[in-house]
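# Chains, contacts and geometry: an overview
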There are 2 protein chains.
Amino acid sequence: MSNVDHQLIIVGGGPAGLTAGLYASRAMLDVVLLEKGAAGGQVMLTDWIDNYPGFPEGISGFDLADKMETQAKRFDLEVKLAPVIKMDLIGPVKTLHLEDGSTLTCRALIITTGARPNQINIPGEVEFTGRGVSYCATCDAPFYRGKTVAVIGGGNTAVQEAVHLTKFADKVYVIHRRDALRATKIVQDKAFANDKIEFIWDTVPTEVVGDIFKGVTGLALKNVTSGATSNIDLDGVFVLIGIRPNMEMLPLDQLDNDQGFIHTNVEMHTSQPGVFAAGDIIYKNFRQVANAVGEGCVACLSAERYLENNE
Amino acid sequence: MSNVDHQLIIVGGGPAGLTAGLYASRAMLDVVLLEKGAAGGQVMLTDWIDNYPGFPEGISGFDLADKMETQAKRFDLEVKLAPVIKMDLIGPVKTLHLEDGSTLTCRALIITTGARPNQINIPGEVEFTGRGVSYCATCDAPFYRGKTVAVIGGGNTAVQEAVHLTKFADKVYVIHRRDALRATKIVQDKAFANDKIEFIWDTVPTEVVGDIFKGVTGLALKNVTSGATSNIDLDGVFVLIGIRPNMEMLPLDQLDNDQGFIHTNVEMHTSQPGVFAAGDIIYKNFRQVANAVGEGCVACLSAERYLENNE
């Protein structure tokens, strides 16, 4: 093997990256995981996770990320705080340019930089995230049995999830800035036929109202045509206005992608030989901790096989 | 919806099936999971699992399966002991024929029946499984640091894993019934060049020798050409002679498959609309708890979407 800094580099320390790191360090690969902030990723912001298998009572996002990192470090995974700002992925040696001006090279790379939900950017939103403000109905809907919630958004995901929420909540408001939905007709029809759903048209939320003890208690609203303001009482707010890939450091001209979400095959190969991806950054329909972990495992085993055949 | 017994049926209670069951019951689908024996699947036979993310010190296979089942049952998943002997998957209603002569119908089906490693079928093998006899080097190799182990087999997996084992073990015997390997040349060359590997040709194991306290201590061998017998001292035996899908109840003429392993796309759809599959029964390269869980999650979310669009 010609001189590279590491056999394998993993960029991103969420569940996918930590799983790849666990597998790689346990297999005694020369590996380093680069994280731009604290390890854990998006899951760190999740108050309580009920659907990651193995924890009968659920577990906090913070604790789960912490356990995954501790486990990987038991096998001596090196985790470095080193933001990557640029990558060159063409050819057998991959080069990462770090924020401090230095570079790191490797033979195989696993990209697990994740994604983040779009925010509405109003007062109270960040403060009450995980305390009544949620960005994932599949994850959090069951916590709202018998409650009143609002969905912000008018696309397919927002409207589908509003219908899903009616299995649990007594009342679901759909708050949309226009007077018509962007969701497809079949999805719209289901929502219109559901008497637990009430649409609030031409309206934007202006503040998440809450209480330090109780979490979210309501939303302040503004009608964008009349300018009228109002308040509604709520137990939860689902912000479902899309998700953005963490792609700022990715050379998108070197990787097949869809608006920044990286295309992979079932074994987590990207279009660039030696480059693998897993977790929320990949192009897919479902973004859960459980499948991020599975993809991280497969990405590492594929990278290991690639290294065996190319060294 | 016309009358079916359940919206969704899951066949098989290993990690993939229990994860699908957790997601389905938590989403309030009308679902039942059918198991032919105790839930848990192949993982129940695994002594210690170090690489399922979330358990820093590892966890026994029994405990992990138990936790997954408890978690799914917290959301009222119904688990039935009901061996399936035949299925009819064509058309919108899927029919399962049970061992007791009854039938169950559903709109969507998730197949997670798993697979089992081929055994050598010699005395001591079953007794010492999980106590020195292993069927997965990726899973168990790190437990043999500084030890002496044998690999039984001569195919690609056996020889690749023998090379992998040399990262941990001081000595790796490869015991093969012929005088040449079936593995590809590139794989063979790596093994021949590795001075920790010693080949024992034309030889079959006749007994796993062990001790109730220490587990495996060696193998009794027989040369198939000369008939000579011998013994070697070992700390572990890796039986890597292939894996068989649990396909006896599957209508393989109704599902695209490769020798019983079911073909799926990235969203776990099989070739039959409304039928999904996950875990060791699917056609894939890597069989770990972590990816079985990810696939179980995706299979359920895909089934949920299918039901929404077809009811």
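Since the model is a prediction, treat every value here as computed from it, not as a measurement.

### Describing the pattern of salt bridges
Residues and elements named next belong to chain B.
- Applying the stated criterion across every chain yields a total of 14 salt bridges over all chains.
- Put simply, Lys185 and Asp189 hold a salt bridge, and the shortest N to O gap is 2.7 Å. Of this pair, Lys185 and Asp189 both sit in helix α5 (residues 185-192), four residues apart, roughly one helical turn.
- Of the residues examined, Lys185 reaches a relative accessible area of 60% and is grouped as exposed.
- Given a relative accessible area of 36%, Asp189 falls into the partly exposed group.
- A salt bridge links Glu295 to Lys284; the nearest nitrogen and oxygen atoms lie 2.9 Å apart. One end of the pair, Glu295, is in helix α6 (residues 289-310); the other, Lys284, is in the loop between β19 (275-277) and α6, and 11 residues separate them in sequence. The burial state of Glu295 is the same as that of Lys284; both residues are buried.

### Examining the sheet that holds strand β9 (residues 148-152) of chain B
Residue and element names in this part refer to chain B.
- Strand order across the open sheet formed by five strands is β8-β15-β9-β10-β11, with parallel pairing between neighbours. Because the sheet does not close on itself, it has two edges, and the strands there are β8 (133-134) and β11 (197-200).
- The pairing of β9 with strand β15 (residues 236-239) spans four bridges and is classified as parallel. Across the sheet, the residue bridging to Val149 is Gly236, located in β15.

### Some words on the relation of the copies chain B and chain A
- Of the two same-sequence chains, chain B is brought onto chain A (RMSD 0.0 Å, axial shift 0.0 Å) by a rotation of 180°. In the structure described here, the two chain copies are related by an operation that fits a two-fold rotation axis. Judged by C-alpha distance, B:Gly294 is the residue of chain B that lies nearest the rotation axis, at 2.4 Å.
- When the interface residues of chain B are mapped onto chain A, 100% of them again lie at the interface, so the same face is used by both copies.

### Looking at the packing of aromatic side chains
- Using the criterion set out here, one finds 14 aromatic pairs over all chains in the structure.
- Residues A:Phe55 and B:Phe55 carry aromatic rings whose centres are separated by 4.9 Å and whose planes lie at 5° to one another, so their mutual orientation is stacked. Of this pair, A:Phe55 sits in the loop between β2 (31-35) and α2 (61-74) while B:Phe55 is found in the loop between β2 (31-35) and α2 (61-74), placing the two residues in two different chains.
- By relative accessible area, A:Phe55 is classed as buried at 10%.
- Ring centres of A:Tyr144 and A:Phe238 lie 5.5 Å apart, and the angle between their planes is 75°; this geometry places the pair in the edge-to-face category. With A:Tyr144 in the loop between α3 (137-140) and β9 (148-152) and A:Phe238 in strand β15 (residues 236-239), this residue pair connects regions lying 94 residues apart in the sequence.

### Quick notes on the interface of chain B and chain A
- In this assembly, 51 residues from chain B lie in contact with 51 residues from chain A.
- Summed over both partners, the interface of chain B with chain A buries about 4,700 Å², with 54% contributed by carbon and sulfur atoms.
- Across the chain B-chain A interface, the total number found is four salt bridges.
- A salt bridge links B:Asp50 to A:Arg26; its shortest N-O distance comes to 4.0 Å.
- In this structure, the connection of chain B to chain A is made through 29 residue pairs in polar contact (both at pLDDT 80 or more).
- Sorting the residues of the side of chain B that touches chain A by element identifies α1 (15-26), α2, α3 (137-140), α4 (156-165), α5 and α6 of chain B as the ones contributing at least two each.
- Partitioning the side of chain B that touches chain A into residue classes produces 24 nonpolar, 15 polar and 12 charged.

### So, the domain arrangement of chain A
Residues and elements named next belong to chain A.
- Per the domain assignment, the segments making up chain A are domain 1 (6-117 + 243-310) and domain 2 (133-239).
- Taken together, the five residues of domain 1 in the interface contact six residues of domain 2.
- Roughly 420 Å² is buried in total at the junction of domain 1 and domain 2, and carbon and sulfur atoms are behind 62% of that figure.
- For the interface between domain 1 and domain 2, the tally reads zero salt bridges.
- The tally of links between domain 1 and domain 2 comes to zero residue pairs in polar contact (both at pLDDT 80 or more).
- Taken together, the residues that form the side of domain 1 that touches domain 2 break down as two nonpolar, two polar and one charged.

### Overview of the sheet that holds strand β8 (residues 133-134) of chain A
Residue and element names in this part refer to chain A.
- Here five strands make up an open sheet; going across it, the order is β8-β15-β9-β10-β11 and the pairing parallel. Either end of the sheet is taken by a strand with one partner, and the two such strands are β8 and β11 (197-200).
- In terms of strand pairing, strand β10 (residues 171-175) meets β11 through four bridges, oriented parallel. Counted as the bridge partner of Val174 is Phe199 from β11.
- The strands touched by helix α4 (residues 156-165) within the sheet are β9, β10, β11 and β15, with β9 carrying the most contacts at an inclination of about 170°.

### Structural notes on empty space enclosed by the protein
- Under the criterion given, the structure shown has one cavity of 30 Å³ or more.
- Within this model, the largest cavity holds a volume of roughly 60 Å³.
- In terms of lining, the largest cavity is formed by A:Tyr23, A:Arg26, A:Ala27, A:Leu301, A:Glu304, B:Asn51, B:Thr138, B:Pro142 and B:His164.
- Those elements giving two or more residues to the lining of the largest cavity turn out to be α1 (15-26) and α6 (289-310) of chain A.
- Of the residues that constitute the lining of the largest cavity, the class distribution is four nonpolar, three polar and two charged.

What counts as what
Residues numbered from 1 in each chain as written. Chains lettered and ligands numbered in written order. Predicted model: local features only at pLDDT ≥ 70, side-chain atom pairs only at ≥ 80, totals over all residues. Heavy atoms only, no water. Salt bridge = Lys/Arg side-chain N within 4 Å of Asp/Glu carboxyl O. Helix = DSSP H or I, 4+ residues; strand = E, 2+ residues; numbered from the N terminus. Buried < 20%, exposed > 50% of the residue type's maximum accessible area, 1.4 Å probe, protein only. Pairing = 2+ DSSP bridges. Least-squares fit on C-alpha atoms with pLDDT ≥ 70 in both. Contact = heavy atoms within 4.5 Å. Phe/Tyr/Trp six-rings, centres within 6.5 Å; stacked < 30°, edge-to-face > 60°. Buried area = accessible area lost by both parts, 1.4 Å probe. Polar contact = N/O pair within 3.5 Å; in protein donor to acceptor, adjacent residues only side chain to side chain. Nonpolar A, V, L, I, M, F, W, Y, C, P; charged D, E, K, R; others polar. Domains from an automatic or database assignment. Axes fitted to C-alpha atoms, helices over the stretch in contact; angles between N-to-C directions. 1 Å grid on protein atoms, 1.4 Å probe; cavity = no way out; pocket = protein on both sides within 12 Å on 5 of 7 lines; lining within 4 Å. Points joined across faces, edges and corners; volume = space filled by probe spheres on them.

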